[in-house]
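Listed here are the chains, written in short residue letters.
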Protein chains: 2
Amino acid sequence: MPVIPSGALGALDPTSDRAVFRQIADQLREAIDKGRFSEGDKLPSETELVEHYGVSRMTVRNSLSVLQGEGLVFSEHGKGVFVRPRPPVRRLASDRFARRHREQGKSAFTVEADAAGSHPTVDNLEVKEERPSQDIATRLGGPRRVLARHRRYLLDGRPVEFATSYLPLDIARGTQIAEPNPGPGGIYARLEELGHRLDHFEEEIRARMPAPSEVRTLRLAAGVPVIHLIRTAFDTGGRAVEVCDTVMAADAYVLAYQLPAT
Amino acid sequence: MPVIPSGALGALDPTSDRAVFRQIADQLREAIDKGRFSEGDKLPSETELVEHYGVSRMTVRNSLSVLQGEGLVFSEHGKGVFVRPRPPVRRLASDRFARRHREQGKSAFTVEADAAGSHPTVDNLEVKEERPSQDIATRLGGPRRVLARHRRYLLDGRPVEFATSYLPLDIARGTQIAEPNPGPGGIYARLEELGHRLDHFEEEIRARMPAPSEVRTLRLAAGVPVIHLIRTAFDTGGRAVEVCDTVMAADAYVLAYQLPAT
DNA sequence: GAGGTAAACTCGTATAGACGAGTAGGTGGG
DNA sequence: CCCACCTACTCGTCTATACGAGTTTACCTC
C-alpha cells in the first residue's frame with residue numbers, strides 16, 4: 001500500500017487562522033513547487049490524505065479543488081490526482097505570416113509543427129456563409145453576410161486551438177477560399193493572387209477562463225485559461241479583407257512579437 | 001424576502017445523466033448569459049437555491065464554485081454571490097513605446113491612464129541590485145548581478161499589473177535609472193540619454209492561472225487568469241539592455257499588436 | 001434623532017456518511 | 001495462455017448537519 005513519502009507533507013497548525021483546507025493546499029503546493037512531486041506524479045490519494053491529516057474527505061477534496069483551480073493538478077476518475085505536466089508550448093513568432101513563409105506552399109500551422117517534429121492535424125472543417133456578429137461585421141467594414149471558415153488544429157492528436165476566419169463575400173465567394181481546402185499557402189496566398197496584396201495584420205489578445213463549450217472543444221484541463229486572439233488582415237488599400245477569431249489553449253502557446261522603438 | 005425571479009431558473013431533469021450540480025450551474029450560467037442576471041446583480045442566495053431545487057446546500061455550493069472557476073461570478077462573505085462585472089480594459093497598443101510618446105516626458109502608464117480618464121498610481125517601488133534568475137540572465141547576455149526595479153501599477157486604486165525591470169549593472173549603476181524616480185519619460189528615456197539608442201523590443205506572452213501571491217498582489221477574483229509578459233529591449237547594437245517581467249490581471253487588459261505582412 | 005444592540009440573513013468551514021462509477025490487479029476457469 | 005470475473009482502490013456525487021464569521025436590518029433605548 002502506497003504511503004505518503006515521509007517528510008513530503010507536514011502537519012497542520014491548529015493555532016493558525018488559516019483554514020485547514022488551505023493549509024493542506026499550501027503544503028501540497030509547496031511539495032509540488034519544490035519537486036517533491038514531479039510532473040505527472042500521482043499525489044497521495046484522498047484516503048491517504050484523510051488519514052495523514054486526520055480530517056474529513058470533503059476537506060481534502062476542497063484542498064485538491066484549490067490546486068485544480070490553480071492549474072497545478074488534474075484528477076482522473078478511478079486513477080488518482082496527478083501533477084499537471086507543462087506541455088510543450090508552441091511559439092508563435094511575429095513574422096509567422098511573412099510572405100516568404102507563405103510562398104513555401106504550406107500553411108503556417110503545418111510548417112511550424114513539422115519543424116517542431118510534431119504531427120499536425122486540421123479538424124472540424126466547415127466553410128459556409130453566415131451573418132456576422134456585430135463585432136466581426138464592424139471589423140470588416142459592415143458586411144451583412146460573410147464567408148466563415150471554421151477549423152480546429154491538433155498537435156499529435158491534442159487539440160490546441162480552434163479558429164474561424166471571416167471574409168467579405170465580394171472577395172471570397174466563388175473562389176478557392178470558399179472551398180474546404182484553400183490550396184497551398186492557405187487563404188492569404190489566395191487573397192494575394194486575387195489582387196488583395198496584404199499590407200499588415202492587427203492582432204488583439206485577451207486571456208480568460210474558457211466557456212464549457214471551449215473546454216470540450218480543446219479538451220482543457222481544469223485551471224487552464226484560453227488566449228483569445230482576433231487578427232485582422234489589411235490589404236495595401238487599407239481595407240480589412242479578413243478577420244480571424246482564434247481561441248487557444250493557454251498552456252500550449254507562447255506568443256512572441258517584435259515592436260519597433262521608433 | 002427576496003424570491004427567485006419567476007422563470008429565471010427552471011427545474012432539474014431527474015432523467016438526465018448530467019450531475020445535479022452541473023445542471024444547476026448550467027441554468028445559472030444560461031440565466032447570466034441571457035441577461036436575466038446582469039453584471040453586479042446578486043444571484044439567489046444559497047438558501048433560496050436549496051429551496052428552489054430541493055437539493056442540499058453543498059450541492060448548490062458546488063454549482064456556484066463551478067461558476068466562480070469560470071470567472072462568471074464572485075462571492076462576498078455575508079453579502080451574497082454576484083455576477084462579476086467586466087471591468088474596463090486597458091488597451092496596450094504596439095506603438096506604446098514609440099519614441100514620440102517617450103518624449104512627452106511622462107511614463108507610458110501615466111499617459112495612457114490620463115487619456116482614459118482614470119487615476120493612475122505606482123506602488124511598492126523598490127530598486128535594488130540582485131542576482132538574476134537563470135532566465136533573466138540568459139536574456140540579458142549572462143550578467144551575474146543586475147539592477148532590478150520592482151513596481152506595481154494601479155488604476156483608480158485597483159491593482160492591474162506588477163512588473164520588474166532588470167538592467168545590467170554596467171549600464172544602470174550610478175545613473176538615474178538606479179533611483180526610485182527615473183525621471184521624465186522613464187528608464188527608456190534615460191537609456192537613450194546614456195547612449196543606448198533603442199532599436200526594437202521583443203515581447204513574449206503567456207497566460208496562466210495566478211499563484212497565490214499574485215492573487216494577493218493584484219487582488220484577483222476567482223477565475224481570473226493573468227497575462228505574463230516578458231519584454232526585452234534591444235539597442236541599435238543588438239544588445240539586450242533591459243528585460244521587463246510583467247504580470248497583468250487578464251480581465252483588465254487587451255493587448256494589440258501590428259504585424260508586417262512582408 | 002442618534003446610538004447601540006440583537007436578530008436575521010449571508011457565505012465559509014468542517015464533519016460523517018452513503019452510494020456510484022471508473023480503473024487496475026489478481027484469481028480462477030476455460 | 002488468455003479471457004472473464006471479482007475485488008480493492010480510486011475519484012465523483014450527494015445528503016444532512018453544525019458552527020463560525022461578516023453584513024444588513026430592525027428595533028429598542030437613551
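What counts and how
Residues numbered from 1 in each chain as written. Chains lettered and ligands numbered in written order. Predicted model: local features only at pLDDT ≥ 70, side-chain atom pairs only at ≥ 80, totals over all residues. Heavy atoms only, no water. Salt bridge = Lys/Arg side-chain N within 4 Å of Asp/Glu carboxyl O. Helix = DSSP H or I, 4+ residues; strand = E, 2+ residues; numbered from the N terminus. Buried < 20%, exposed > 50% of the residue type's maximum accessible area, 1.4 Å probe, protein only. UniProt positions renumbered as here; feature names shortened; annotations may be inferred. Phe/Tyr/Trp six-rings, centres within 6.5 Å; stacked < 30°, edge-to-face > 60°. Contact = heavy atoms within 4.5 Å. Near = heavy atom within 4 Å. Polar contact = N/O pair within 3.5 Å; in protein donor to acceptor, adjacent residues only side chain to side chain. Buried area = accessible area lost by both parts, 1.4 Å probe. Nonpolar A, V, L, I, M, F, W, Y, C, P; charged D, E, K, R; others polar. Pairing = 2+ DSSP bridges. Axes fitted to C-alpha atoms, helices over the stretch in contact; angles between N-to-C directions. Least-squares fit on C-alpha atoms with pLDDT ≥ 70 in both.

Applying the stated criterion across every chain yields a total of 46 salt bridges over all chains. One salt bridge connects E129 of chain A with R173 of chain A, and the closest N-O pair in it is separated by 2.8 Å. You can see E129 of chain A sitting in strand β4 (residues 120-130) and its partner R173 of chain A sitting in the loop between α7 (169-172) and α8 (186-193), a full 44 residues away along the chain. Classification of R173 of chain A by relative accessible area gives exposed; the value is 54%. R208 of chain B is the partner of E214 of chain B in a salt bridge, and the nearest nitrogen-oxygen pair spans 2.8 Å. What makes R208 of chain B partly exposed here is its relative accessible area of 27%. Three or more residues are tied together by salt bridges with common partners; here these are R91 of chain A together with D135, R139, E204 and R206 of chain B.

In this section: the UniProt feature "domain: HTH gntR-type" (unreviewed entry) in chain A. UniProt records the feature "domain: HTH gntR-type" (unreviewed entry) for residues 18-86 of chain A in the present numbering. From the first C-alpha to the last, residues 18-86 of chain A spans 29 Å; its make-up is 51% helix and 12% strand.

Once that is clear, we can look at the packing of aromatic side chains. Residue and element names in this part refer to chain A. Scanning the model with the defined rule gives eleven aromatic pairs over all chains in all. Consider the rings of F74 and F82, whose centres lie 5.6 Å apart with planes at 25°: the pair is stacked. Arranged with centres 4.4 Å apart and planes meeting at 40°, the rings of F109 and Y153 form a pair that is tilted. Taken as a pair, F109 in helix α5 (residues 108-115) and Y153 in strand β5 (residues 146-155) lie far apart in primary sequence, 44 residues in all. Residue F109 is classed as buried on the basis of its relative accessible area of 6%. Members of the aromatic cluster, joined through ring pairs, are F97, Y188 and F201.

Relative to the assigned elements, E202 of chain A resides in strand β7 (residues 198-208). For E202 of chain A, a relative accessible area of 32% corresponds to the partly exposed category. With 18 residues separating them along the chain, E202 of chain A and L220 of chain A place their C-alpha atoms 27 Å apart. When near neighbours in sequence (up to four residues on either side) are disregarded, E202 of chain A contacts I230, R231, T232 and F234 of chain A together with Y257 and Q258 of chain B.

Residues and elements named next belong to chain A. Among the eight residues of α8, seven are classified as buried, and the element is accordingly described as predominantly covered. Inspection of α8 places G186, I187, Y188, A189, R190, L191 and E192 among the buried residues, and these make up the whole buried set. Positioned one or two residues after α8, G195 has a phi angle of 100°, which is positive.

For DNA strand D, the set of nearby residues contains 25 residues, the closest of which are R57 and R61 of chain A together with V20, S56 and T59 of chain B. Here the atoms of DNA strand D within 4 Å of the protein split so that 65% fall in sugar or phosphate, with bases taking the remainder. Here a phosphate oxygen of DNA strand D sits 2.8 Å away from a polar atom, N or O, in the side chain of R61 of chain A. Take H77 of chain A: an N or O atom from its side chain is 3.0 Å from a base oxygen of DNA strand D. Contributing elements (two or more residues each) for the surface near DNA strand D: α2 (46-53), α3 (57-69), β1 (73-76) and β2 (80-83) of chain A together with α1 (20-33) and α3 (57-69) of chain B.

Glancing now at the protein's contact with DNA strand C. For DNA strand C, the set of nearby residues contains 25 residues, the closest of which are V20, S56 and T59 of chain A together with R57 and R61 of chain B. Counting only the atoms of DNA strand C within 4 Å of the protein, the fraction contributed by sugar and phosphate is 66%. Separating a base nitrogen of DNA strand C from a side-chain N or O atom of R57 of chain B is a distance of 2.7 Å. For the surface near DNA strand C, the secondary-structure elements that each account for two or more residues are α1 (20-33) and α3 of chain A together with α2 (46-53), α3, β1 (73-76) and β2 (80-83) of chain B.

To continue, consider the interface of chain A and chain B. The interface is formed by 40 residues belonging to chain A together with 40 residues belonging to chain B. Of the roughly 3300 Å² buried where chain A meets chain B, counting both sides, 59% is carbon and sulfur surface. Our enumeration of links across chain A and chain B arrives at two salt bridges. The salt bridge partner of E204 of chain B is R91 of chain A, with a shortest N-O separation of 2.7 Å. Counting across the chain A and chain B interface gives ten residue pairs in polar contact (both at pLDDT 80 or more). Those elements that place two or more of their residues in the side of chain A that touches chain B are α3, α4 (99-102), β7 and β10 (253-260) of chain A. In terms of residues, the side of chain A that touches chain B owes the most to one element, β7 of chain A, which gives eleven residues. Its residues assigned to classes, the side of chain A that touches chain B shows 21 nonpolar, six polar and 13 charged.

Time to look at the sheet that holds β7 of chain A. Pairing in this open sheet of eight strands is mixed, and the strands run β4(A)-β5(A)-β6(A)-β9(A)-β8(A)-β7(A)-β10(B)-β3(B) from one edge to the other. The outermost strands of the open sheet, each flanked by one partner alone, are β4 of chain A together with β3 (90-92) of chain B. Taking each pair of neighbouring strands and ignoring which way they run, the sheet shows an average axis angle of 15°. Relative to strand β10 (residues 253-260) of chain B, β3 of chain B runs parallel, the two sharing three bridges. Bridging from a neighbouring strand, R91 of chain B pairs with V254 of chain B of β10 of chain B. The strands that α5 of chain A touches are β4, β5 and β6 (158-168) of chain A; relative to β4 of chain A, the one it contacts most, it runs at about 170°.

The operation relating chain A to chain B is a screw motion whose rotation component is 180°, with 0.0 Å of axial translation and a residual RMSD of 0.0 Å. Between the two chains, the operation in question is that of a two-fold axis. The residues that chain A uses at the interface reappear at the interface of chain B in 100% of cases, marking a shared surface.

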